[in-house]
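Structural characterization, general
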Number of protein chains: 2
Amino acid sequence: MIQDDIQGTKLAILKATERLVAAKGFEATSLRAITAAAKVNLAAVNYHFATKDALILAMLNRRLRPINEARLALLDRFEKEAGGRPVALEKILEALFRPVLEMIKPGSANGRHFLRLLALCLAEPSAYLKPLIEKEFSEKTRRFHRALRAALPNLSDAEAHWRLHFAHGVFFHAVAHSELLVSTSRGRCRLTDADAALRRVINFCAAGLRAAA
Amino acid sequence: MIQDDIQGTKLAILKATERLVAAKGFEATSLRAITAAAKVNLAAVNYHFATKDALILAMLNRRLRPINEARLALLDRFEKEAGGRPVALEKILEALFRPVLEMIKPGSANGRHFLRLLALCLAEPSAYLKPLIEKEFSEKTRRFHRALRAALPNLSDAEAHWRLHFAHGVFFHAVAHSELLVSTSRGRCRLTDADAALRRVINFCAAGLRAAA
DNA sequence: CCTTGATTCAAACGAACGTTTGAATTAATT
DNA sequence: AATTAATTCAAACGTTCGTTTGAATCAAGG
């Protein structure tokens, strides 16, 4: 799932960065804390990644690229399966969400951490993150917009944009801030079963997307 | 709308903090930048607020308290108007969302900034923000959970928690990251008309909440 | 007018930060 | 085995940070 030409010190730094940044935030995580956790020398970060900003970008890209590739591949597959006809709404949503939710399944360690990082990326308005957001979020979303318009021909172009934005919000908030659900439900609801969560999210979003104007 | 016993230096600091933190984030905003923007002395922050963390909390509370009061007041009003019967789903959602969206209307300056701050609060996992989140987000949400269960008696307790979490995500993402909508739609959609946005959000969420299991 | 308390101010404090340096060490190549 | 390149390391650099200090200024009250 992840390009594993990266090894040794470089990989240790990336893993520690993922864990610590998810726990503390970008600015609050120092290179000293990262290198201490990774059990490497302080200067190793600058040697392997040149700068802290570049390290953050490398860490994010390592996770984002395979996710977005999986999303588009899944959508491609569903479109092929559909022949010329539009892909079913639920399938589109599955292609959009499943590759991310796969990360919280047992076996993909550090996956849960990454969901927090996604939230941090959108919230923290650092200049060097903007190109990544535009490329990995906005650009990829347009492909799903087209599929959505085909699936729901009654929706205007603008309305489709709004509702896809909403659907993104459902999923994003659900996975990135799942601790709020635990808190408000006093522990009765938890984001543990990825498949059950996916079903719930798709069910909610599909109804919202199909709603009469 | 906002308690205005605060004046002079203290108010200037709060306003500058709001603007700068929304633009740069918590850690990336220095007290020197804040005091320079507010045109007050550096030491004024520690004099009036003791510490930077306390300043952040004061700034957030100044906005959050009136919003949450307005939410509960609106829900109270709708419950009173409904007599003993359950409040209509759309009304519940309006009570939940309108007080926040009012902030982006012309006349409430700095309101837009605050929406970014909400996103930062959830994403940035600073320890001193956790109590505020639990109190102002989770605690208040439980009241709306009860109203929701009355409006949709077919929904199980757990399912209601999940879907309210989803609805929160729709609204939250829509207002806090509205620049993503502008970006993916290439400027065709914008969060300018608060009433239109509220209508769209409520429409989407109501359909999702009512969806068959 | 003088005093008292509240506020502002310039200056400095120690701590922590990202980054750089140059030597030491390891790995690879011939 | 000798040489070259890649990597690690301890130490330090300059900067910026939140906070503290003590004197200066202001606003009333007696």
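Use the structure listed above.
None of the values given here were measured: they were computed from a predicted structure. (Residues numbered from 1 in each chain as written. Chains lettered and ligands numbered in written order. Predicted model: local features only at pLDDT ≥ 70, side-chain atom pairs only at ≥ 80, totals over all residues.)

1. Topic: the overall build of chain A
We count it as follows: Elements are defined by DSSP. Helices are runs of H or I of four residues or more, strands are runs of E of two residues or more, and each kind is numbered from the N terminus. Radius of gyration here is computed from C-alpha atoms only, and the compact-globule reference equals 2.2 Å multiplied by the residue count raised to the power 0.38. Partly exposed residues are those whose C-beta has more than 12 but fewer than 20 other C-beta atoms within 10 Å; 20 or more makes a residue buried and 12 or fewer makes it exposed, with C-beta atoms placed from the backbone. Placing C-beta atoms from the backbone, we regard two residues as in contact once those atoms come within 7 Å.
Within chain A, the secondary structure is distributed over ten helices and zero strands. Walking chain A from its N terminus toward its C terminus, one meets helices and strands in the order α-α-α-α-α-α-α-α-α-α. Rg of the C-alpha trace for chain A: 19 Å, near the compact-globule value of 17 Å for 213 residues, within the 12% margin. For chain A, the C-alpha atoms occupy an extent of roughly 60 × 40 × 30 Å along the three principal directions. When the 213 residues of chain A are sorted by exposure, 41% land in the buried category. Taking the contacts inside chain A whose residues are at least 6 apart along the sequence as the reference set, 66% of them involve residues at least 24 apart.

2. Points about the protein's contact with DNA strand C
Stated formally: Placing a C-beta atom from the backbone of each residue, we mark the residue near a molecule or strand if the atom is within 6 Å of it. For this classification, Asp, Glu, Lys and Arg are treated as charged, while Ala, Val, Leu, Ile, Met, Phe, Trp, Tyr, Cys and Pro are nonpolar and the rest, including Gly, are polar.
The environment of DNA strand C is formed by 16 residues, the closest being A:Ser30, A:Thr51, A:Lys52, B:Thr9 and B:Asn41. Taken together, the elements giving at least two residues each to the surface near DNA strand C come down to α2 (31-38) of chain A together with α1 (8-24) and α3 (44-49) of chain B. Taken together, the residues of the surface near DNA strand C sort by class into eight nonpolar, six polar and two charged.

3. Some details on the packing of helix α1 (residues 8-24) of chain A against α2(A)
Residues and elements named next belong to chain A. Keep this limit in mind: Lines fitted to C-alpha atoms define the axes, with helix axes restricted to the stretch in contact, and inter-axis angles between N-to-C directions lie between 0 and 180 degrees. Here roughly perpendicular refers to angles of 65 to 115 degrees, roughly parallel to angles under 35, roughly antiparallel to angles over 145, and oblique to all remaining angles. Crossings are assigned a handedness: left-handed for a near helix turned anticlockwise from the far helix by less than a right angle, right-handed for a clockwise turn.
In the contact formed by α1 and α2, the axes pass within 8 Å of each other and the chain directions differ by 120°. As summarised for this structure, α1 and α2 are arranged oblique, according to the angle between their axes. By crossing handedness, the relation of α1 to α2 is classed as right-handed. From α1, Ala12, Ile13, Ala16, Thr17 and Leu20 reach across to α2, where they touch Ala33, Ile34, Ala37 and Ala38. Split by residue class, the contact of α1 with α2 holds eight nonpolar, one polar and no charged.

4. Notes on the protein's contact with DNA strand D
Surrounding DNA strand D, one finds 16 residues, the nearest of these being A:Thr9, A:Asn41, B:Ser30, B:Thr51 and B:Lys52. Within the residue set of the surface near DNA strand D, elements represented by two or more residues are α1 and α3 (44-49) of chain A together with α2 (31-38) of chain B.

5. Here's the deal with the relation of the copies chain B and chain A
Spelled out, the test is: The superposition of copies rests on a least-squares fit of C-alpha positions from residues with pLDDT of 70 or more in both.
Laying chain B over chain A is done by rotating through 180° and shifting 0.0 Å along the axis; what remains is an RMSD of 0.0 Å. In symmetry terms, the pair is related by a two-fold rotation axis. Mapped onto chain A, 100% of the interface residues of chain B are again interface residues, and the two copies thus contact each other with one and the same surface.

6. Observations concerning the interface of chain B and chain A
Note: interface size is frequently given as the accessible area lost on complex formation between the parts. In this complex, chain B contributes 47 residues to the contact, which on the side of chain A involves 47 residues. Ranked by the residues each element gives to the side of chain B that touches chain A, the list is headed by helix α8 (residues 157-176) of chain B, at 13 residues. In terms of residue class, the side of chain B that touches chain A is made up of 22 nonpolar, 15 polar and ten charged.

7. Some words on helix α10 (residues 194-210) of chain B
Threshold: For a helix, the expected span equals 1.5 Å multiplied by the number of residues minus one.
With 17 residues, α10(B) ought to run about 24 Å at 1.5 Å a step, and its terminal C-alpha atoms sit 24 Å apart, in line with that. For α10(B), the tally of buried residues reaches twelve of 17 residues, placing the bulk of the element in the interior. Residues B:Ala197, B:Leu198, B:Arg200, B:Val201, B:Ile202, B:Asn203, B:Phe204, B:Cys205, B:Ala206, B:Ala207, B:Gly208 and B:Leu209 constitute the buried set of α10(B). Here the buried face of α10(B) lies against α8 (157-176) and α10 (194-210) of chain A together with α5 (89-101) and α8 of chain B.

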